[in-house]
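# Analysis of the macromolecular model
Spelled out from the first residue to the last, the chains are:
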Amino acid sequence: MADQTHVLFVEDDDVIREATQLALERDGFAVTAMPDGLSGLEAFRANRPDIALLDVMVPGLDGVSLCRRIRDESTVPVIMLSARADSIDVVLGLEAGADDYVTKPFDGAVLVARIRAVLRRFGHASGGTAGRPEDAASSANGGVLTFGDLEVDTEGMEVRKAGRPVALTPTEMRLLLEFSSAPGTVLSRDKLLERVWDYGWGGDTRVVDVHVQRLRTKIGQDRIETVRGFGYKLRA
């Protein structure tokens, strides 16, 4: 298991849980599968997986609450699974700290592709090997970009606001790197989906909107401007 990507999978439906676990294991993942939120939280704390797949509607501790508990302790990537594509389910999961979501029923190959995309994003954000804003038209010193009281260290992958560190998830960091690479330039939701979420096709732009809102609460509500009908831009 040490050489495999470890997936925590929380799903209360026995058939879906067992079938998905087998499919993921065939693709080379090590899987810890749990039937409810409380056992899922215990498994997370005991095993520290590389990624968590959480069904929204699980007993004991629902998937959204479990995501919040995990996010309080870790920046490990989280994908929410929902039987509905309702806005409430999607938004609640993303606001809780999830990085992405997949609607059931899902194709196994699609799920694996989404897992790998999230893991690539996680590696890029934590390792700092992609998305470096080298041409930003802001003052930079040793890889540190400054936008007012906001400092983005593109080499150390650290962010400070008014001198205080800001804790970002890997997805939030990737999003901020995209904005800071082109301050003042409007980035469309589709472009951000392609660059940050690694979607080569049209995805759900609600993912972008919720992550922008989460980022705003951390770096300042007025730092990222909404350009209606086009997208978002970082105010230099």
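Summarised in this report is the structure supplied together with it. A quick note: this is a predicted structure, and the numbers were derived from the prediction, not measured. (Residues numbered from 1 in each chain as written. Predicted model: local features only at pLDDT ≥ 70, side-chain atom pairs only at ≥ 80, totals over all residues. Heavy atoms only, no water.)

Once that is clear, we can look at the overall build of the protein. The helix and strand inventory of the protein stands at 8 helices and 12 strands. Within the protein, counting contacts between residues at least 6 apart in sequence, those at least 24 apart form 59% of the total. With the model as given, the accessible surface of the protein reaches about 10700 Å², and the carbon-plus-sulfur share is 48%. (Helix = DSSP H or I, 4+ residues; strand = E, 2+ residues; numbered from the N terminus. Contact = heavy atoms within 4.5 Å. Areas by Shrake-Rupley, 256 points an atom, 1.4 Å probe, with all protein chains shown as cover.)

Our next topic: the sheet that holds strand E5 (residues 100-103). Spatial ordering of the open sheet is given by E2-E1-E3-E4-E5, a layout of 5 strands whose pairing is parallel. Each edge of the open sheet is held by one strand with a lone partner, namely strand E2 (30-34) and E5. Strand-to-strand, the axes of this sheet are offset by a mean angle of 20°, without reference to chain direction. Inspection of the sheet shows strand E1 (residues 6-10) paired to strand E3 (residues 51-55) by 4 bridges, in the parallel sense. For Leu-8, the partnering residue across the bridge sits in E3 and is Ala-52. Where helix H1 (residues 14-26) meets the sheet, it contacts E1, E2 and E3, and its direction lies at approximately 170° from that of E2. (Pairing = 2+ DSSP bridges. Axes fitted to C-alpha atoms, helices over the stretch in contact; angles between N-to-C directions.)

Tallied over the entire structure, the rule returns 17 salt bridges. For Lys-218, the salt bridge is made with Glu-172, and the minimal N-O distance between the two is 2.8 Å. You can see Lys-218 sitting in helix H8 (residues 206-219) and its partner Glu-172 sitting in helix H6 (residues 170-180), a full 46 residues away along the chain. Residue Lys-218 is classed as partly exposed on the basis of its relative accessible area, which comes to 29%. Two residues, Lys-233 and Glu-225, come together in a salt bridge whose shortest N-O distance is 4.0 Å. By relative accessible area, Lys-233 is classed as partly exposed at 22%. Bridged by salt links that share partners, the residues Glu-11, Asp-55 and Lys-104 form one connected network. (Salt bridge = Lys/Arg side-chain N within 4 Å of Asp/Glu carboxyl O. Buried < 20%, exposed > 50% of the residue type's maximum accessible area, 1.4 Å probe, protein only.)

Distances and angles like these do not, on their own, reveal function.
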